[in-house]
Amino acid sequence: MDDLTLQQLLGRTHRYALQHWNRFSGTPSTKPVQLSLKVLELYAASVKTGSFCLKIKIIARWLCPSEHAEDSLKEGGSGLDHTWTPKWAPYFTIASTNRLHVEYSAFCAEKDETETVWITGDWTFSAEIKEAYDLHAFPFDIQDFNIHVQMTNTDNSLVLQPLSEIRHKMPTFSKRAKQSLRKPKPTDPPVLIANKGLDLPDFVTMSGNSQDTALNNLNSAAMYRLLPENNEVHLVLLYERHPKFYIINFMILLFGITTFTVFGWAIAWQKVESRLSLNVTLLLTTVAFKQVLAGSIPPISYLTRLDVYALGCLAFLAMSTAMHGFIGFIIDACDANGECTFFFNSFDNSSAHELDVIFLITWSTAWVAANFLYAYTVRRRMVQARNAFSIKNAQSSGFQMATFMEGEAEKEWFDQSSFSDSDPLASNPQTQREMEAAELLPVLQESDGILRQQILESADVSLQQPLATDFSDGK
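Residues numbered from 1 in each chain as written. Predicted model: local features only at pLDDT ≥ 70, side-chain atom pairs only at ≥ 80, totals over all residues. Heavy atoms only, no water.

- Going by the annotation in an unreviewed UniProt entry, the name recorded for the protein is Neurotransmitter-gated ion-channel ligand-binding domain-containing protein, with Prymnesium parvum given as the source organism.
- Its UniProt record gives the protein the following Subcellular location (unreviewed entry) comment, quoted word for word: "Membrane". (UniProt positions renumbered as here; feature names shortened; annotations may be inferred.)

## Here's the deal with the environment of Gly312
- For Gly312, the position within the fold is in helix H7 (residues 305-330).
- Along the backbone, Gly312 and Tyr374 are 62 residues apart, and their C-alpha atoms lie at a distance of 9.8 Å. (Helix = DSSP H or I, 4+ residues; strand = E, 2+ residues; numbered from the N terminus.)

## Brief notes about the packing of aromatic side chains
- This model, assessed by the stated rule, comprises 26 aromatic pairs.
- An angle of 75 degrees between the planes, with centres 6.4 Å apart, marks the rings of Trp62 and Phe107 as edge-to-face. Of this pair, Trp62 sits in strand E2 (residues 51-63) while Phe107 sits in strand E4 (residues 97-111), placing them 45 residues apart in sequence. Each member of the pair, Trp62 as well as Phe107, carries the same accessibility label: buried.
- Here the aromatic residues Phe52, Tyr133, Phe145, Phe203 and Tyr239 are joined through ring pairs into a cluster of three or more. (Phe/Tyr/Trp six-rings, centres within 6.5 Å; stacked < 30°, edge-to-face > 60°. Buried < 20%, exposed > 50% of the residue type's maximum accessible area, 1.4 Å probe, protein only.)

## Re the side chain of Ser390
- On the secondary structure map, Ser390 appears in the loop between helix H8 (349-388) and helix H9 (391-396).
- A polar atom in the side chain of Ser390 sits 3.2 Å from the backbone nitrogen of Asn393. (Polar contact = N/O pair within 3.5 Å; in protein donor to acceptor, adjacent residues only side chain to side chain.)

## Focus: the pattern of salt bridges
- Enumeration according to the criterion identifies 10 salt bridges in this entry.
- Asp122 is paired through a salt bridge with Lys57; the nearest N and O atoms lie 3.0 Å apart. One end of the pair, Asp122, is in strand E5 (residues 117-130); the other, Lys57, is in strand E2, with 65 residues separating them in the sequence. Taken as a pair, Asp122 and Lys57 share a single burial class, namely buried.
- Here Arg241 and Asp141 are joined by a salt bridge, their closest N and O atoms 2.7 Å apart. Separated by 100 residues along the polypeptide, Arg241 in strand E11 (residues 232-241) and Asp141 in the loop between E5 and strand E6 (142-151) bring together distant segments of the chain. (Salt bridge = Lys/Arg side-chain N within 4 Å of Asp/Glu carboxyl O.)

## Remarks on the state of the cysteines
- Considering all chains together, one arrives at 1 disulfide under this definition.
- Disulfide pairing is shown between Cys334 and Cys340; the S-S distance is 1.8 Å. Around the S-S axis, the bridge from Cys334 to Cys340 shows a dihedral of about 100 degrees and counts as right-handed. (Disulfide = S-S within 2.5 Å.)

Shown next, in the form of structure tokens:
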């Protein structure tokens with residue numbers, strides 16, 4: 001208990017109260033809780049920390065308990081009171097989070113055509129979610145970011161259904177404006193993804209980066225499925241890493257350093273010490289580069305494809321060093337004119353030069369072939385990885401394709417464009433202000449009278465002067 005902060009203690013108490021609310025405030029209906037999800041933003045995906053951050057909107061609709069129906073309509077029926085909370089509400093959480101914060105919540109009560117009272121809840125969560133990154137194919141990897149939204153404080157089942165957001169605004173007294181606020185919004189799919197909120201510096205959505213539809217037959221980079229046994233919605237966002245940064249800053253440099261080894265053969269074969277000095281310098285440079293490369297990913301117990309390429313470069317540098325060393329081992333001594341004697345009687349200057357040329361051709365051919373083989377292997381495995389995320393495989397696991405929101409995710413609740421051009425309120429703002437002022441006047445007059453009475457009772461004196469704001473004359 002001493003290790004718990006006050007904020008953690010209050011959070012646990014709040015969670016416990018929500019999970020056991022039905023013991024004190026009535027039992028919720030057995031009808032399913034309707035649910036709609038909107039992924040607003042995905043950001044800060046970090047391989048080092050093994051996490052990513054998410055902002056998601058959860059909209060739920062449930063049947064109001066009969067004992068609370070009348071009070072709910074009185075307090076939350078207008079939809080304009082952002083401070084109202086119902087007696088009972090489902091408790092939603094996101095699994096495997098390092099941090100979870102409710103940025104916004106709102107509730108609204110309404111009657112349907114059968115006079116049944118329903119409550120709609122609107123939450124915006126920001127969360128840091130733990131993710132196990134698979135880095136075998138790094139930096140040509142495909143990652144699936146998993147989001148598990150769970151309802152934990154009721155046995156009611158979940159059903160995915162399009163729901164409208166609750167949008168609060170300053171009260172509007174115009175009858176025409178009230179009608180527009182109550183106007184039903186067009187229905188959307190139950191799971192929406194904000195296209196503009198998915199940009200990551202290191203990743204791109206998989207469907208957006210695939211130019212050949214034969215390589216990726218998914219028509220969406222987001223999938224979801226409902227797990228009724230856990231009261232959970234499982235959402236998956238598919239990303240593939242943009243490898244350009246790693247190709248330019250690591251692979252091309254490693255390729256250049258290793259290719260420079262071929263210039264060691266430009267030094268006369270008799271000067272073995274000069275060749276070995278160049279090779280050892282390049283070898284140490286590559287080792288240092290490999291250490292920098294290791295710092296870009298967390299410690300893992302397997303090799304990534306970038307590790308394979310770096311180790312391959314070290315192997316080719318070691319091979320060229322061994323070839324030059326072999327020439328040095330067979331030379332006994334050399335004079336100032338470059339004439340050498342050898343430990344093997346079958347060798348002379350001509351045969352030693354021919355052996356050196358064979359080493360050069362062998363190394364160069366193997367280096368070019370190894371790079372082509374590596375590129376082909378990477379390409380083939382990228383195709384296999386994309387094909388693994390197919391519609392057939394997704395549907396066999398119960399997934400459906402999510403819908404991406406095009407354009408702006410949010411719209412103004414009060415939309416003047418919904419009025420016709422002949423509407424006097426839309427065409428004449430002055431008329432609208434006058435009508436609202438006329439409706440507002442009785443309310444302010446009543447408030448003024450109450451204020452006068454309170455002053456009389458507390459001070460026990462009569463008002464000799466009118467209040468600074470007097471609405472008796474309609475001003």
